Structure formats: C-alpha cells, structure tokens
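# Structural overview
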Amino acid sequence: MDAAMVTAVAALIAGPVAGLAAMYGTRGANRAAREGGVITGYDSLTARLTAERDKAEADQAKAEAELAILELEVARLKLLVMQLGGTP
C-alpha cells in the first residue's frame, strides 16, 4: 500500500467517525437543554403552587375571622331574644 492509498482509506474512515461524534455531541447537548427546561419548569411550577397555597391560607384565615364575627353576632342576638322573653 502506498501513501495515497493509506490517505484515502483514512479519509473514508474519518468521515463517518466524525459524523458519529457530531451526532453524539448534539444528542448530549439536546439532553442538557431538555433537562434545563425541565428544571426551569419545575421551579416555575413550585413558585406558582407556593403563591397559590399562601393565597389559600390567607383566604382561610379571613373566612375563619368572618365566621367568628358571625358566631358572636348569633350569640348576641340569642341573648337579646332571651332578654325580651323569647326562646332562641
């Protein structure tokens, strides 16, 4: 085999190997980008859920305070009815 033949065979082998290496590298980069997107989405979802939970807790506290006010009003009205001689 002369030098020209060795160069030609090396070129024939190097082309597909370089193509496979490029495909493998691109696949790894795509996976990293996909995983980065998943983590970003997870962080966004966590933040939205935390905000929703905080709002629900605030709404619950407000409802409990309103309930306590209404219970006091019911007790006051029952007392007033009893003072006027009625039965609640």
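Residues numbered from 1 in each chain as written. Predicted model: local features only at pLDDT ≥ 70, side-chain atom pairs only at ≥ 80, totals over all residues. Heavy atoms only, no water.

### Some points on the overall build of the chain
What the chain contains, in helices and strands, is one helix and zero strands. Burial analysis of the chain (88 residues in total) assigns 0% to the buried set. Total accessible area computed for the chain in this model is approximately 7,600 Å², and 69% of it derives from carbon and sulfur atoms. (Helix = DSSP H or I, 4+ residues; strand = E, 2+ residues; numbered from the N terminus. Buried < 20%, exposed > 50% of the residue type's maximum accessible area, 1.4 Å probe, protein only. Areas by Shrake-Rupley, 256 points an atom, 1.4 Å probe, with all protein chains shown as cover.)

### Here we look at a nonpolar patch on the surface
Residues Leu-77, Leu-80 and Leu-84 make up a contiguous nonpolar surface patch of roughly 290 Å² in combined accessible area. Following the sequence through the fold, Leu-77 ends up in helix α1 (residues 3-83). Under the relative-accessibility criterion, Leu-77 is labelled partly exposed at 38%. (Patch = residues over 30% accessible without salt bridge, like charges linked within 9 Å, V, L, I, M, F, W, Y side chains within 5 Å. Salt bridge = Lys/Arg side-chain N within 4 Å of Asp/Glu carboxyl O.)

### Description of the pattern of salt bridges
Evaluation of the coordinates by the stated rule reveals four salt bridges. The partner of Glu-57 in a salt bridge is Arg-53, with the nearest N and O atoms 3.9 Å apart. Here Glu-57 and its partner Arg-53 are both found in helix α1, four residues apart, which amounts to about one turn of the helix. Look at Glu-57 and you get partly exposed, because its relative accessible area is 45%. Note that Glu-73 and Arg-76 form a salt bridge whose closest N and O atoms lie 2.8 Å from each other. Taken together, the residues Glu-73 and Arg-76, both in helix α1 and three residues apart, mark about one turn of the helix. Residue classification places Glu-73 among the partly exposed positions, given a relative accessible area of 33%. Classification of Arg-76 as partly exposed rests on a relative accessible area of 44%. Bridged by salt links that share partners, the residues Arg-53, Asp-54 and Glu-57 form one connected network.

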